[in-house]
Number of protein chains: 2
Amino acid sequence: MDTTQRTDQQRSADRRRRELLEAADRVVLRDGPQASMNAIAAEAGITKPILYRHFGDKGGLYAALAKRHTDALLSSLRAALDAPAERRERVEATLDTYLAAIEALPQVYRFLMHPVEGGQTADQGFDTGNHSVPLLRRMGEELAQVIEERVDLGPNSQQLARVWGHGIVGMMHAAGDWWLGERPCSRAELVRSLADLLWGRLAAAGDKVGGPGF
Amino acid sequence: MDTTQRTDQQRSADRRRRELLEAADRVVLRDGPQASMNAIAAEAGITKPILYRHFGDKGGLYAALAKRHTDALLSSLRAALDAPAERRERVEATLDTYLAAIEALPQVYRFLMHPVEGGQTADQGFDTGNHSVPLLRRMGEELAQVIEERVDLGPNSQQLARVWGHGIVGMMHAAGDWWLGERPCSRAELVRSLADLLWGRLAAAGDKVGGPGF
DNA sequence: CTCTGTCGTTACCGCAAGTAACATGCTAGT
DNA sequence: ACTAGCATGTTACTTGCGGTAACGACAGAG
């Protein structure tokens, strides 16, 4: 039959696609974010044009690869966010989930955050937009949605929630990035410090009167 | 004399260097972060090898260019941070300064934040560190220092200040990036929303009881 | 046996980073 | 005045990567 044939082909194509993505994963994990298409193809045991037939261009492969990890991370985060617990506990669990993920696979994390994406094919004419850091954006939107659903923010809540979503995600990301590089403290301490920041401890703290030189 | 000669040459070299940097600036402002060395050289009215003699490689030119803008932005931020005013006002002024800067020169801002840096020259062997987003790091450290100097955080204040410095900078960056792309509100509203977040409004807000579907 | 479509290859193009080797002009020593 | 040295600039090249065109084998339909 036509349909069964197509299904078979589709299945085979999907399996190939998954194999290719896993090979790409291995290479990225080994070579970092600047893994070349040649290297990925070689790791998969095939040659470049097949990659291009499956993913269009490097951006497409990146997008597919990123989607896998992004989806996985987001579902973990959703679990932490939606837990039936106090807000502070949920926030700490979410921060810890994120930090544990980037701690476990820093190479993958760097690939997701710093996509390189300097192709010579001109996507010229962009004024400010594009620039493709989809993971941060998706996390920000997701968090915004949760905030807007569960926290009572009065009028204009949607916009406020979105600002906060992106802001909190950025805080988490930058602090995590710095922490990964320097490891100045344990993960638990970092989580506590960030949660304290979100809980207004900066506003509540008093001025320090005597400067170091006075 | 030998010394006077050398001084003349040094001055001439420095002037050339500045001219080259200004040309690079113009190109980056026009072409975005993926400006090619050829284009920069052409804009400066010279050819590639001169650029390489002055800056070593593309990373060197990037570093020099980034240092100029980073220094300029940091001095503006320092002015806002060190103003003799209430903490909330200072925080809002700092946020607004940063956002105004990225709003005025989005291309430069993108160049600073997304350096591309995917050279084929292997800096292999890095585990987690490097990855070169020096602007965010420098802003984080700077802010940490100001916080530690001026806010009374009790014991372990230095570490807490650093976490907060990097976290706040990341919040500002991510929210600014998103805002630049979507422009969902005015700059003043964004500043207010972020300051509210830092002032603990997330913790203070009540739960929303009735979900949208219940 | 041929036609068609998928999976795969080799060989190529264009482009950008980076370099080697050559040309030129200025200052200085003899 | 002639030549040595040194900075400045050039052309022309190599390497490596993203991306593609054109060609080769193997499956099933008529």
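This is a predicted model, so every value here is computed, not measured.

(A) Broad picture of the pattern of salt bridges. Enumeration over the complete set of coordinates arrives at 40 salt bridges over all chains. Close ionic contact of Asp71(A) with Arg138(A) constitutes a salt bridge, the shortest N to O distance being 2.9 Å. Here the residue Asp71(A) occupies a position in helix α4 (residues 58-81), and Arg138(A) occupies one in helix α7 (residues 134-150), the gap between them amounting to 67 residues. Take Arg138(A): its relative accessible area is 32%, and that puts it in the partly exposed class. Linking Arg187(B) and Glu103(B) is a salt bridge whose minimum nitrogen-to-oxygen distance equals 2.9 Å.

(B) Representation of the packing of helix α2 (residues 37-44) of chain B against helix α3 (residues 48-55) of chain B within the structure. All names here are of chain B. Two numbers describe how α2 lies on α3: the axes approach to 8 Å, and their chain directions differ by 100 degrees. The orientation of α2 relative to α3 falls into the category roughly perpendicular. For the pair α2 and α3, contact is made by Met 37, Asn 38, Ile 40 and Ala 41 and by Lys 48, Leu 51 and Tyr 52, respectively. Along the lines of polarity and charge, the residues of the contact of α2 with α3 split into five nonpolar, one polar and one charged.

(C) Molecular detail of the relation of the copies chain B and chain A. Mapping chain B onto chain A calls for a screw motion: a turn of 180 degrees about the axis and a shift of 0.1 Å along it, with 0.2 Å RMSD after fitting. Here the two chains are linked by the operation of a two-fold rotation axis. Taken as a fraction of all interface residues of chain B, those also at the interface in chain A reach 93%, which identifies the copy contact as same-surface.

(D) Seen up close, the packing of aromatic side chains. All names here are of chain A. Scanning all chains against the criterion turns up two aromatic pairs over all chains. Aromatic pair Tyr 62 and Phe 111: ring centres 5.2 Å apart, planes at 75 degrees, arrangement edge-to-face. Of this pair, Tyr 62 sits in helix α4 while Phe 111 sits in helix α6 (residues 106-113), and the two are 49 residues apart along the sequence. Like Phe 111, Tyr 62 is buried. Arg 88 extends its terminal NZ or CZ atom over the ring of Trp 199, reaching a point 5.3 Å from the ring centre.

(E) Up close: the UniProt feature "domain: HTH tetR-type" (unreviewed entry) in chain A. Listed under "domain: HTH tetR-type" (unreviewed entry) in the UniProt record, and renumbered for this structure, are residues 14-73 of chain A. Taken as a whole, residues 14-73 of chain A contains 83% helix and 0% strand, while its terminal C-alpha atoms sit 22 Å from one another.

(F) Highlighting the protein's contact with DNA strand D. Close to DNA strand D lie 15 residues; Lys48(A), Tyr52(A), Lys58(A), Thr47(B) and Arg53(B) are nearest. The sugar-phosphate backbone supplies 51% of the atoms of DNA strand D found within 4 Å of the protein. Take Met37(A): an N or O atom from its main chain is 3.0 Å from a phosphate oxygen of DNA strand D. Here a phosphate oxygen of DNA strand D sits 2.6 Å away from a polar atom, N or O, in the side chain of Lys58(A). Every element with two or more residues in the surface near DNA strand D is listed here: α3 (48-55) of chain A together with α3 of chain B. For the surface near DNA strand D, the residue count by class is six nonpolar, four polar and five charged.

(G) Region of the structure containing the UniProt feature "DNA-binding region" (unreviewed entry) in chain A. Mapped onto this numbering, the UniProt entry gives "DNA-binding region" (unreviewed entry) at residues 36-55 of chain A. Along residues 36-55 of chain A, the helical share is 80% and the strand share 0%, with 14 Å between the first and last C-alpha atoms.

(H) Structural context of the interface of chain B and chain A. Across the boundary between the two partners, chain B contributes 60 residues, which contact 58 residues of chain A. Carbon and sulfur atoms supply 59% of the area that chain B and chain A bury against each other, a total of about 5,700 Å² over both sides. Taken together, chain B and chain A are joined by six salt bridges. When the shortest N-O distance is used, the salt bridge between Glu182(B) and Arg162(A) registers 3.0 Å.

Rules and cut-offs
- Residues numbered from 1 in each chain as written.
- Chains lettered and ligands numbered in written order.
- Predicted model: local features only at pLDDT ≥ 70, side-chain atom pairs only at ≥ 80, totals over all residues.
- Heavy atoms only, no water.
- Salt bridge = Lys/Arg side-chain N within 4 Å of Asp/Glu carboxyl O.
- Helix = DSSP H or I, 4+ residues; strand = E, 2+ residues; numbered from the N terminus.
- Buried < 20%, exposed > 50% of the residue type's maximum accessible area, 1.4 Å probe, protein only.
- Axes fitted to C-alpha atoms, helices over the stretch in contact; angles between N-to-C directions.
- Parallel < 35°, antiparallel > 145°, perpendicular 65-115°, else oblique.
- Contact = heavy atoms within 4.5 Å.
- Nonpolar A, V, L, I, M, F, W, Y, C, P; charged D, E, K, R; others polar.
- Least-squares fit on C-alpha atoms with pLDDT ≥ 70 in both.
- Phe/Tyr/Trp six-rings, centres within 6.5 Å; stacked < 30°, edge-to-face > 60°.
- Lys NZ or Arg CZ within 6 Å of the ring centre and 35° of its normal.
- UniProt positions renumbered as here; feature names shortened; annotations may be inferred.
- Near = heavy atom within 4 Å.
- Polar contact = N/O pair within 3.5 Å; in protein donor to acceptor, adjacent residues only side chain to side chain.
- Buried area = accessible area lost by both parts, 1.4 Å probe.

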